[in-house]
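Chain and residue survey
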Amino acid sequence: MPFNAVPAKVDFAAQERELIAFWKKSRAFQKMVALHKGQPHWSFIDGPITANNPMGVHHGWGRTYKDLFHRFWTMRGHETRYQNGFDCQGLWVEVEVERDLGFKSKRDIEEYGLARFVLKCKERVLRYAAVQTEQSERLGYWMDWNDPDELRRLADLLVEDPTQVVTVEGPEGPVTDTVEQIVGRLGLPELGGSYFTLSNENNYMIWTFLKKCWQNGWLYRGADVMPWCPRCATAISQHEIVTDGYAELTHPSVTVRFPLRGRQGESLLVWTTTPWTLTSNVAAAVGPDLTYVKVTDGNEVLYLSKGTMHMLRGRYEVLEELTGADMEGWTYDGPFDDLPAEREPGGHTELRELTRGVTQSAAEAHRVILWDAVGEEEGTGIVHIAPGCGAEDFDLGKEHHLPLVAPLNEEGFFVEGFGWLTGMDVAEVRQPIFDNLREKGLLYNVDDYTHRYPVCWRCKTELVFRLVDEWFISMDALRDEMMAITRQIRWIPSFGLERELDWLRNMHDWMISKKRYWGLALPIWECDACHHYEVVGDEVELQERAVEGWDAFAGHTPHRPYVDAVKIACPLCGGVMSRVPDVG
C-alpha cells in the first residue's frame, strides 16, 4: 500500500482537518461507542458550558482534559457517557440579548414583550450551541454531538413560529412535535445529542428538588442586604462575585463629622467609600478594645482611633485617650437627619415586617455601638452603620433593634422620602452629597481611595448593597453532609480538598432567586389573600392543582410568561395562588 508524499513544510491545521474528515467518513466515534457497549461503566457527567458566545481558550483547555479522560477510560475497557452539556438559562444570556437589542434596562424588556424576549434567549442559546459544537469538533473532542446546522434550523423556526409542528430525526427514528417542545426535549434519549439545561426535564427535575427542600424546611423567603446590580436590576449571590466579581477601582472616599449630642463642638470622625449610604445612617460602631483619642486643633474637638491619626489634617493636640467601650451609647446628629426617611418611626423600607417593634426613627436612634470587627487598617476606627445598605450593617441592625432605612429602588435610584435626592441615580450623587455636607459644615476631607470593589460579573456595572426579599436554601442544614461527601472525593491536586472545605464552611445561605425573566421559573405559589406559600413539584402536580390558566400554559415549556398564567387554590383559605415572579 503506497504512502502519501510527505511535504517538506507540514500544515498541521490541514492535517487536523483531514483527520476529522476521516473520523466522520469512517464513523469512527460511532464504531468506538458500539465496540464498548456493555463493558463496565465509567460515569462521566459533563459540567455544561454556557451557550452564549464562542468558546474561549480556557474552554478549550478544559475540554481537552475531558476528552483525555474519556479516551483513557475507554482504552481501559469501559463504556462511558458521551453527552456534552449546554448551560442555557440565566442572566448571562439575558445581558447578551439585551445588548443585541440595544436595551438599557428591564423596562425595555417589558415593553418589547416577555414572550418575544424569552424566544430571543432560546434562539441565542441554539445558535451559540451550534458554534461551540463546531469549535469542539474542530478540537477533536469526541462527543455525541448535535448537527450544528440542525440547531441553527431550530433557532430559525423558533423565531418564525414556535407553535409550528416539525419532524426531526432521532437515534431511533423521527420525532414530531412543535418547535418549542422539540427544543424543550433536546438531550433526551429520543433526540440524542447534547443536553440543554433549558429542557423541560431539567426544569421540572429542579422543581422536584426544590419541593423536597421545602418539605425539609431548607427553602425559605428571607430579607437581607445583598449585592445588587442596578443595570440588571437583580441581586447577585455571594458565590457569583467570589471569583470574577471584583475590580480594582479608585473612588473618592469621604471623612465626615458626626456632631455629638450634649458635647458642644465635639464630633466623631467617620470615613466611608460609599457616601450615598450616609443618607441612611443609623449608628456608628467602634471597637470595644481599641484605643481612641480626643484631639483638638483649637477650634473643634474630634474623636478617632489612635492608630488612624494620620487621617487628621494640620496640627492637633491629644487631650485624652479612651477605649471604644467608654464611648458606647454616646448619641450624635446624623448628616442627613433633615430627610423625611431619617425621621420615620422604624425606618424607611417597603419590608415593614422587618421593623416590627422598632419605634424610634433613625435620627432618634443615632448612637455609638460596639463591634469587634472594627479595625484600624483603613478609615478612622469609627464605622458608620446603615442597616439598609450593608450586609454586616443589616446584621448589626437586627442585633441592636435599629431602624432600617433603604434608599434605593431596583434600578439604583433614590426612592421617595429622600428629599432633593429622590429620583437621582446612585452613580451620580457623590459630588452633590459632598457639596451638601460642605454646606452643613460636616465635610472634613475627600481623598481618592483605590480598593477592590464588587462589580456585576456579567455587565461590569458597579454593585450597590440593597435591602431585598429573596428565596434562599439554608446551608446550615446541609453543610456537614456536603463536607462529608466532599471528603470522599479524590482531589487532584490534593490541596483542592481543603479549599473546597473552607468554601463550604464559610458559605452563606444560597440565594436562588433573581427578579428577572429568562431562567428556571421558581415553582413557588403565593396566596393572593393570606400570603401562604406552596411549592409545586412537577408539571403533573401543577395540572392537578390548577384552577385557572392551564390552557394558556399547555404546550409551552415551563418558562415565563406562560407558566405565570397558572393559578392554584390555597389549601388554607381557598383563595387563588399566583406564582412568585422570580426565576432561578
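Read on for a plain summary of the structure.

Turning to the overall build of the chain, a few remarks are in order. Along the chain, the regular secondary structure elements total 18 helices and 27 strands. Principal-axis analysis of the C-alpha atoms gives the chain an extent of 100 × 70 × 45 Å. Counting the 584 residues in the chain, one finds 51% classified as buried. At a minimum sequence separation of 6, the contacts of the chain that also span at least 24 residues come to 70%. For the chain, the exposed area adds up to about 28,300 Å²; of that, 53% sits on carbon and sulfur atoms. Between the averaged position of the 60 positive side-chain charges in the chain and that of its 89 negative side-chain charges there is a distance of 5 Å.

What follows concerns the sheet that holds strand β14 (residues 301-305). Taken in spatial order, the six strands make up an open sheet running β15-β13-β14-β11-β10-β20, and their pairing is mixed. Each edge of the open sheet carries a strand with a single partner, namely β15 (317-323) and β20 (443-454). Taken over all neighbouring pairs, the strand axes of this sheet differ in orientation by 25° on average, direction set aside. Bridging between strand β13 (residues 291-296) and β15 involves six bridges; their strand directions are antiparallel.

Next up on the list: the packing of helix α4 (residues 91-101) against helix α6 (residues 114-138). Across the interface, α4 lies against α6 with an axial gap of 10 Å and an inter-helix angle of 105°. Judged on the interaxial angle alone, α6 and α4 are roughly perpendicular. On α6, the residues that touch V93, E94, E96, V97, E98, D100 and L101 of α4 are F117, K120, C121, R124 and V125.

Right, let's talk about the sheet that holds strand β18 (residues 382-385) for a bit. Taken in spatial order, the three strands line up as β17-β12-β18 in an open sheet, and their pairing is mixed. If you trace the sheet from one side to the other, it starts and ends with β17 (368-370) and β18, each paired once. If you compare each strand with its neighbour and ignore which way they point, the axes differ by 35° on average.

To describe a pair of aromatic rings, one takes the distance between the centres and the angle between the planes. For the structure shown, the criterion picks out 21 aromatic pairs. Measuring from centroid to centroid gives 5.2 Å for F29 and Y82, while their planes differ by 85°, and the two rings are edge-to-face. Pair noted here: F29 is in helix α2 (residues 28-35) and Y82 is in the loop between β3 (79-80) and β4 (85-87), with a separation of 53 residues, a long-range link. By relative accessible area, which is 12% here, F29 ends up buried. Aromatic pair Y220 and F472: ring centres 5.5 Å apart, planes at 20°, arrangement stacked.

Applying the stated criterion across every chain, the model contains 40 salt bridges. With a closest N to O distance of 3.2 Å, R99 and E96 form a salt bridge. You can see R99 and its partner E96 sitting in helix α4, three residues apart, about one turn around the helix. A salt bridge links E321 to K306; the nearest nitrogen and oxygen atoms lie 2.9 Å apart. Of this pair, E321 sits in strand β15 while K306 is found in the loop between β14 and β15, placing the two residues 15 residues apart along the sequence. According to the relative accessible area criterion, K306 is partly exposed, its value standing at 43%.

Basis of the calculations
As a convention, each chain's residues are numbered from 1 in the sequence order in which they are written. Reporting of local features is limited, given that this is a predicted model, to residues whose pLDDT is at least 70; pairs of side-chain atoms are given and counted only at 80 or more, and all residues count toward the totals for whole chains, interfaces and linings. Side-chain calculation: all heavy atoms of the structure are included, whereas hydrogens and water are not. Strands here mean DSSP runs of E at least two residues long; helices mean DSSP runs of H or I at least four residues long; both are numbered from the N terminus. Three labels apply to residues, based on accessible area from a 1.4 Å probe with only protein chains included: buried if under 20% of the type maximum, exposed if over 50%, partly exposed otherwise in between. Note on contacts: a residue pair qualifies if any of its non-hydrogen atoms lie within 4.5 Å across the two residues. Using the Shrake-Rupley algorithm and a 1.4 Å probe, accessible areas are obtained, with residue cover drawn only from the displayed protein chains. Positive: Lys, Arg. Negative: Asp, Glu. His and the chain ends are not part of the count. Every charge is mapped onto a representative atom, which is NZ of Lys, CZ of Arg, CG of Asp or CD of Glu. Two strands qualify as a pair provided DSSP detects at least 2 bridges between them. Axis geometry follows a simple rule: fit a line to the C-alpha atoms, using only the stretch in contact for helices, then measure angles between N-to-C directions, giving values from 0 to 180 degrees. Each angle is binned into one of four classes, with values under 35 degrees roughly parallel, values over 145 roughly antiparallel, values of 65 to 115 roughly perpendicular, and all other values oblique. Only Phe, Tyr and Trp rings are paired, with Trp represented by its six-membered ring, and only when their centres lie within 6.5 Å; those with planes under 30 degrees apart are stacked, over 60 edge-to-face, the remainder tilted. For salt bridges, the criterion is a side-chain nitrogen of Lys or Arg within 4 Å of an Asp or Glu carboxyl oxygen.

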